Amino acid sequence: MSDDGVRLWGGRFAGGPAEAFAALNDSLSVDRRMWREDIAGSRAHARMLTATGVLSAEDGRAIDGGLCAIAREMEAGDFAFQPSDEDIHTAVERRLTEIAGDAGRRLHTGRSRNDQVATDVLVYLASTCDGQARLVARLAAVLLDAADAHVDTLLPGYTHLQRAQPVRLAHHLAAYAWMLVRDRDRLAWAAGACRAFCPLGSGALAGVGFPIDRGMTAAELGFDRPGPNSLDGVGSRDALADYLHAAATLGVHLSRLGQELVLWSSEEVGFVELSDAFTSGSSMLPQKKNPDAAELARAKVARLVADYSGLQGVVAGLPLAYNKDLQEDKHFLFDAVDTLDLLLPAMIGMMEGARFDAGRMGAATEDGFLAATDLADHLVRLGWPFRRAHEAVGALVRACVDAGHGLERATPDQLASAGLGDVDLPEMTAAASVEAKLSTGGTGRAAVLDQLAAARVALAG
Ligand code: ARG
């Protein structure tokens with residue numbers, strides 16, 4: 001048995017918990033970061049109990065003063081946690097009782113740790129979502145700044161990582177900006193889900209036998225309304241799942257961007273140079289400049305996806321309402337929060353310092369086959385059925401590949417044997433190819449300028 005002091009629920013028990021059980025059961029190391037939200041929740045609860053006459057004004061004052069004193073101790077870093085503090089909720093209440101005596105012992109009237117923890121975590125997560133949504137918007141803006149500077153920088157666009165058609169670098173960067181706009185929106189949606197319903201006042205599961213005013217605590221803590229069902233209020237973690245889903249999808253996007261930067265910064269490709277501030281050297285190889293930040297962006301998605309699946313795995317199959325399993329929710333939640341808090345500022349800094357090599361990109365569009373589709377399109381405009389055009393251009397490509405040069409240098413013989421001897425050829429340059437793309441969302445100059453402006457509007461929204 002551990003003899004580590006008094007537990008809040010000790011009355012029913014003849015002895016204390018075994019050390020091994022206490023170690024398994026306690027969650028303080030994980031949930032202590034929610035001390036602000038826990039104190040705010042307790043202050044709101046006590047104020048409401050006082051306003052509704054459940055507690056005397058005198059007790060209300062003693063509780064509020066005690067909670068403010070605890071907040072000061074926490075802020076100063078000299079709050080003395082005790083071994084018997086199972087979680088942040090018990091720590092705060094234990095200390096309040098030391099400071100305010102019986103008034104402190106009255107705080108938990110009409111409340112359970114079940115509705116308390118559900119409330120704390122939603123308040124914590126709502127503002128976390130707000131902050132991370134702002135960071136995501138900032139990263140999108142940095143990508144759009146780079147896009148503005150590279151409207152006329154052309155590079156090969158790829159499918160299957162094979163050169164396909166030329167695109168504007170602005171177009172490519174804006175693709176990531178659009179993903180991030182959606183990520184920002186998903187985070188904002190998750191913040192809204194956190195604030196939609198306040199669990200406080202659900203009690204342990206069935207509601208509360210005092211004349212509480214749930215609207216008052218909900219409003220004070222920034223929620224839209226009290227939750228309509230107490231079992232759902234203490235037993236659900238959907239808003240956490242909404243956040244973790246948003247985080248996982250954001251992680252996928254950052255991973256793809258990270259991978260492109262790793263690839264693009266290789267000597268073989270050389271499309272980008274990352275700043276010294278976001279790369280590292282090798283302890284053995286003096287020439288190395290490793291794109292670690294991009295690699296870590298590529299890797300972190302694994303834990304973000306695991307965090308989402310971990311939370312859902314814990315909640316799935318749980319009978320209503322609260323089960324101790326739910327305490328595990330915060331491991332996954334905070335891991336994702338911390339991962340993005342590390343990753344987003346690094347991605348912003350890395351993208352701000354990235355220098356794109358327009359020359360290398362342009363060279364990669366030359367003397368190849370990027371105009372093959374444009375040539376086929378040209379034949380279609382001359383009246384050829386697309387399939388015949390495709391076939392003829394394919395034959396010409398094969399002849400050029402065999403001869404070791406690109407389409408632009410096709411000889412009259414090669415053209416003739418592909419059945420294109422009499423055709424007036426179009427300009428087969430990357431510049432002509434991108435300019436031909438008039439469709440909305442495409443890589444033509446006007447379309448790209450349009451979407452850059454639209455992305456700015458979406459980001460401001
Ligand atoms: N530490 C717990 C959690 O995070 C608080 C709720 C505990 N409730 C209970 N009835 N034991 O979920």
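Please read these numbers as outputs of a predicted model, since none were measured by experiment.

Some details on the overall build of the protein
A tally of helices and strands in the protein yields 19 helices and 6 strands. Its C-alpha atoms give the protein a radius of gyration of 31 Å, more than 25% over the compact-globule value 23 Å for 461 residues. With the C-alpha coordinates of the protein rotated into their principal frame, the extents come out at 100 × 50 × 40 Å. Looking at the protein as a whole, 50% of its 461 residues qualify as buried. Sequence-distant contacts in the protein: of pairs separated by 6 or more residues, those separated by 24 or more amount to 74%. Carbon and sulfur atoms make up 54% of the accessible area of the protein, which totals about 21300 Å². Looking at the protein, you have 44 positive and 62 negative side-chain charges, and the mean spots of the two groups are 2 Å apart.

A look at the packing of aromatic side chains
Overall, the coordinates contain 4 aromatic pairs when judged by the stated rule. Between Tyr124 and Phe334, the aromatic rings sit 5.1 Å apart at their centres with planes inclined by 65 degrees, giving edge-to-face as the arrangement. Separated by 210 residues along the polypeptide, Tyr124 in helix α7 (residues 113-149) and Phe334 in helix α13 (residues 329-353) bring together distant segments of the chain. Neither residue differs from the other here; Tyr124 and Phe334 are each classed as buried. The interplanar angle of 70 degrees and the centroid separation of 5.7 Å between the aromatic rings of Trp264 and Phe271 together place this pair among those described as edge-to-face. Put simply, the rings of Trp264, Phe271 and Phe356 touch in pairs and so form one group of aromatic residues. For the cation-ring pair, Arg12 lies above Phe13, with the distance from its terminal atom to the ring centre recorded as 5.6 Å. When the ring centre of Trp384 is taken as origin, the NZ or CZ atom of Arg388, which lies over that ring, is 4.5 Å away.

Concerning empty space enclosed by the protein
One pass over the full model with this rule turns up 2 cavities of 30 Å³ or more. Approximately 70 Å³ is the volume attributed to the largest cavity. In terms of lining, the largest cavity is formed by Pro166, Thr365, Gly368, Leu370, Ala371, Asp374, Leu407, Glu408, Met428, Thr429, Ala430 and Ser433. The class makeup of the residues in the lining of the largest cavity is 6 nonpolar, 4 polar and 2 charged. There is about 40 Å³ of room inside the second largest cavity. Considering the residues around the second largest cavity, the lining is formed by His172, Leu173, Tyr176, Leu257, Glu260, Leu261, Trp264, Met351 and Phe356. Counting only elements with at least two residues in the lining of the second largest cavity, the list comes to α8 (169-196) and α11 (238-264). Top contributing element to the lining of the second largest cavity by residue count: α11, with 4 residues. Grouping the amino acids of the lining of the second largest cavity by side-chain chemistry returns 7 nonpolar, 1 polar and 1 charged.

A look at the nonpolar core
In terms of nonpolar packing, the biggest core is built from 82 residues, with Tyr243, Leu254, Leu333 and Phe356 touching the most fellow members. Elements that contribute at least two residues to this core include exactly α7, α8, α11, α12 (292-315), α13, α14 (358-364) and α19 (445-460). When neighbours within four sequence positions are excluded, Phe356 is seen to be in contact with Ala146, His150, Leu169, Leu173, Trp264, Phe271, Val272, Met351 and Met361.

A short note on the packing of α11 against α13
Look at α11 against α13: their axes get within 10 Å of each other, and the N-to-C directions meet at 35 degrees. α13 is crossed by α11, and the crossing has left-handed handedness. On α13, the residues touching Leu240, Tyr243, Leu244, Ala247, Leu250, Leu254, Leu257 and Leu261 of α11 are Asp329, Phe332, Leu333, Ala336, Val337, Leu340, Leu343, Leu344, Met347, Met350 and Met351. Taken together, the residues that form the contact of α11 with α13 break down as 18 nonpolar, no polar and 1 charged.

Some thoughts on the side chain of Arg214
When you line up the elements, Arg214 lands in helix α9 (residues 214-220). The side chain of Arg214 sits in the buried core without any salt bridge; Asp115 is the nearest counter-charge, 6.8 Å away.

Looking at the pairing of strand β1 (residues 154-159)
Pairing between β1 and strand β2 (residues 162-168): 6 bridges, direction antiparallel. Each bridged residue has a counterpart across the sheet, and for Pro156 the counterpart in β2 is Pro166. In textbook terms, the turn of a hairpin is the stretch between consecutive antiparallel strands, and for β1 and β2 this stretch comprises 2 residues, one of which, His160, has a positive phi near 55 degrees.

Notes on a nonpolar patch on the surface
On the surface, Leu205, Leu231 and Leu320 cluster together into a nonpolar patch covering about 270 Å² of accessible area. One can find Leu320 in the loop between α12 and α13.

Definitions and cut-offs
- Residues numbered from 1 in each chain as written.
- Predicted model: local features only at pLDDT ≥ 70, side-chain atom pairs only at ≥ 80, totals over all residues.
- Heavy atoms only, no water.
- Helix = DSSP H or I, 4+ residues; strand = E, 2+ residues; numbered from the N terminus.
- Rg over C-alpha atoms; globule rule 2.2 N^0.38 Å.
- Buried < 20%, exposed > 50% of the residue type's maximum accessible area, 1.4 Å probe, protein only.
- Contact = heavy atoms within 4.5 Å.
- Areas by Shrake-Rupley, 256 points an atom, 1.4 Å probe, with all protein chains shown as cover.
- Lys, Arg positive; Asp, Glu negative; His and termini not counted.
- Charge placed at Lys NZ, Arg CZ, Asp CG, Glu CD.
- Phe/Tyr/Trp six-rings, centres within 6.5 Å; stacked < 30°, edge-to-face > 60°.
- Lys NZ or Arg CZ within 6 Å of the ring centre and 35° of its normal.
- 1 Å grid on protein atoms, 1.4 Å probe; cavity = no way out; pocket = protein on both sides within 12 Å on 5 of 7 lines; lining within 4 Å.
- Points joined across faces, edges and corners; volume = space filled by probe spheres on them.
- Nonpolar A, V, L, I, M, F, W, Y, C, P; charged D, E, K, R; others polar.
- Core = buried A, V, L, I, M, F, W, Y, C linked by side-chain atoms within 4.5 Å.
- Axes fitted to C-alpha atoms, helices over the stretch in contact; angles between N-to-C directions.
- Left-handed = near helix turned anticlockwise from the far one by under 90°.
- Salt bridge = Lys/Arg side-chain N within 4 Å of Asp/Glu carboxyl O.
- Pairing = 2+ DSSP bridges.
- Patch = residues over 30% accessible without salt bridge, like charges linked within 9 Å, V, L, I, M, F, W, Y side chains within 5 Å.

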